Amino acid sequence: MQAWQKGIIVAIEPETNFTKKFFIQLPETENFDFIPGQFVTLDLPIHEQKNKRWRSYSIASVPNGSNIIELIIVLLERGAGTNYLFNEATVGTEFFLRGPQGKFTLPENIEKDIFLICTGTGIAPFRSMVQYIHQHQLPHQNIHLIFGCRKETDGLYLKELRTLSKQEPGFYFHACFSRETDIKDEGYHTGYVHGIYEQLLANDKKPAAFYLCGWKNMIDEAKERIMALGYERKDIHLELYG
């Protein structure tokens, strides 16, 4: 079991009306090294029982030799953890943190097409993955990052990932908005994430690996649809939120 260490909020940046970026420094560690896709667990002062104080969040930033990480967090109406972070925590707030944790990571050698499918803040581990691939110029097959949310104003890292899709050969960013009716921007779509990977694979079913991150309903539906396309359970990797 990893030891807990001190974390300090050094910056908070609003991303949307209900989402913020939290930048957390780990002063006891010179280089907080992790594998893109991993998460950390925060011990927040929201309950007397230890396990009811713990909240886990995927790391959205890229390992860069520093001791500061970025988390992207959405405010949940009845979420004790997110209400504390949004309404009580400020720059300078300290708490204990444990990590990195998790095995939701890409293989060292990307020999298949990769489909990264997510909703909401489930984009965090994928943003870390694709930026790491780009910054380190890692060889890869086609990578499709398919992100879903309700409206364009709810979108996370949209400009950054659209720019990356123009800079990184073989990387494609697809944003889907379920409550928009008229989207004209290239790479943006109305509807849900499922239609995108089904369309991409309809006429060109290649060996592929699927990474799913988000709420249970989306993940359950995606698993069914992907297996209906002829892929096996071992081709699907998931990180469940909530």
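Provided above is the structure to which this section pertains.
Let me sum up the structure you'll find in this document.

Cut-offs and rules
Residues numbered from 1 in each chain as written. Predicted model: local features only at pLDDT ≥ 70, side-chain atom pairs only at ≥ 80, totals over all residues. Heavy atoms only, no water. Pairing = 2+ DSSP bridges. Helix = DSSP H or I, 4+ residues; strand = E, 2+ residues; numbered from the N terminus. Axes fitted to C-alpha atoms, helices over the stretch in contact; angles between N-to-C directions. Contact = heavy atoms within 4.5 Å. Core = buried A, V, L, I, M, F, W, Y, C linked by side-chain atoms within 4.5 Å. Buried < 20%, exposed > 50% of the residue type's maximum accessible area, 1.4 Å probe, protein only. Phe/Tyr/Trp six-rings, centres within 6.5 Å; stacked < 30°, edge-to-face > 60°. Lys NZ or Arg CZ within 6 Å of the ring centre and 35° of its normal.

**Quick notes on the sheet that holds strand β12 (residues 236-241)**
Phase 1: With parallel pairing, six strands are arranged side by side in an open sheet as β10-β9-β8-β7-β11-β12. Single-partner strands in this sheet number two, and they are β10 (188-190) and β12. Adjacent strand axes in the sheet meet at a mean angle of 15 degrees when their direction is disregarded.
Phase 2: Relative to strand β8 (residues 143-149), strand β7 (residues 113-119) is paired through six bridges, and the arrangement is parallel. What sits directly across from leucine 116, in β8, is leucine 145.
Phase 3: Of the strands in this sheet, β8, β9 (171-177) and β10 touch helix α3 (residues 158-167), which is tilted by about 145 degrees from β9.
Phase 4: The strands that helix α4 (residues 194-202) touches are β7, β8, β9, β10 and β11 (208-215); relative to β7, the one it contacts most, it runs at about 160 degrees.

**A word on the nonpolar core**
Phase 1: Ranked by size, the top nonpolar core spans 33 residues in total, and within it Leu116, Phe126, Phe147, Leu161 and Phe173 carry the most contacts.
Phase 2: Where this core is concerned, the elements lending two or more residues are β7, α2 (124-135), β8, α3, β9 and β11.
Phase 3: Broken down by element, this core gets its largest block of residues, five residues, from α2.
Phase 4: Residues in contact with phenylalanine 147, not counting those within four places in the same chain, are Cys118, Thr119, Gly120, Ile123, Gly155, Leu156, Leu158, Phe173, His174, Ala175, Cys176 and Val193.

**Looking at the packing of aromatic side chains**
Phase 1: For the structure shown, the criterion picks out eight aromatic pairs.
Phase 2: With a centroid separation of 5.4 Å and 40 degrees between ring planes, the pair formed by tryptophan 4 and tryptophan 54 is classed as tilted. With tryptophan 4 in the segment before β1 (5-16) and tryptophan 54 in strand β4 (residues 54-58), the pair connects residues that are 50 residues apart, well separated along the chain.
Phase 3: Aromatic side chains phenylalanine 115 and phenylalanine 210 sit 5.2 Å apart centroid to centroid with 20 degrees between the ring planes, which places their arrangement in the stacked category. Within this pair, whereas phenylalanine 115 is found in strand β7, its partner phenylalanine 210 is found in strand β11, the two being separated by 95 residues in sequence.
Phase 4: By relative accessible area, which is 2% here, phenylalanine 115 ends up buried.
Phase 5: Members of the aromatic cluster, connected to one another through ring pairs, are Phe104, Phe126 and Tyr211.
Phase 6: We note arginine 98 situated over the ring of tryptophan 54; from NZ or CZ to the ring centre the distance is 5.1 Å.
Phase 7: Cation over ring: arginine 162 sits above tyrosine 188, and NZ or CZ is 4.5 Å from the ring centre.

**Details of the pairing of β1**
Phase 1: Inspection of the sheet shows β1 paired to strand β6 (residues 94-101) by four bridges, in the antiparallel sense. Within β6, the residue paired with glycine 7 across the bridge is phenylalanine 95.
Phase 2: Here β1 runs beside strand β2 (residues 19-25); their pairing, made up of seven bridges, is antiparallel. Bridging from a neighbouring strand, isoleucine 9 pairs with isoleucine 24 of β2.
Phase 3: As consecutive antiparallel partners, β1 and β2 are separated by two residues.

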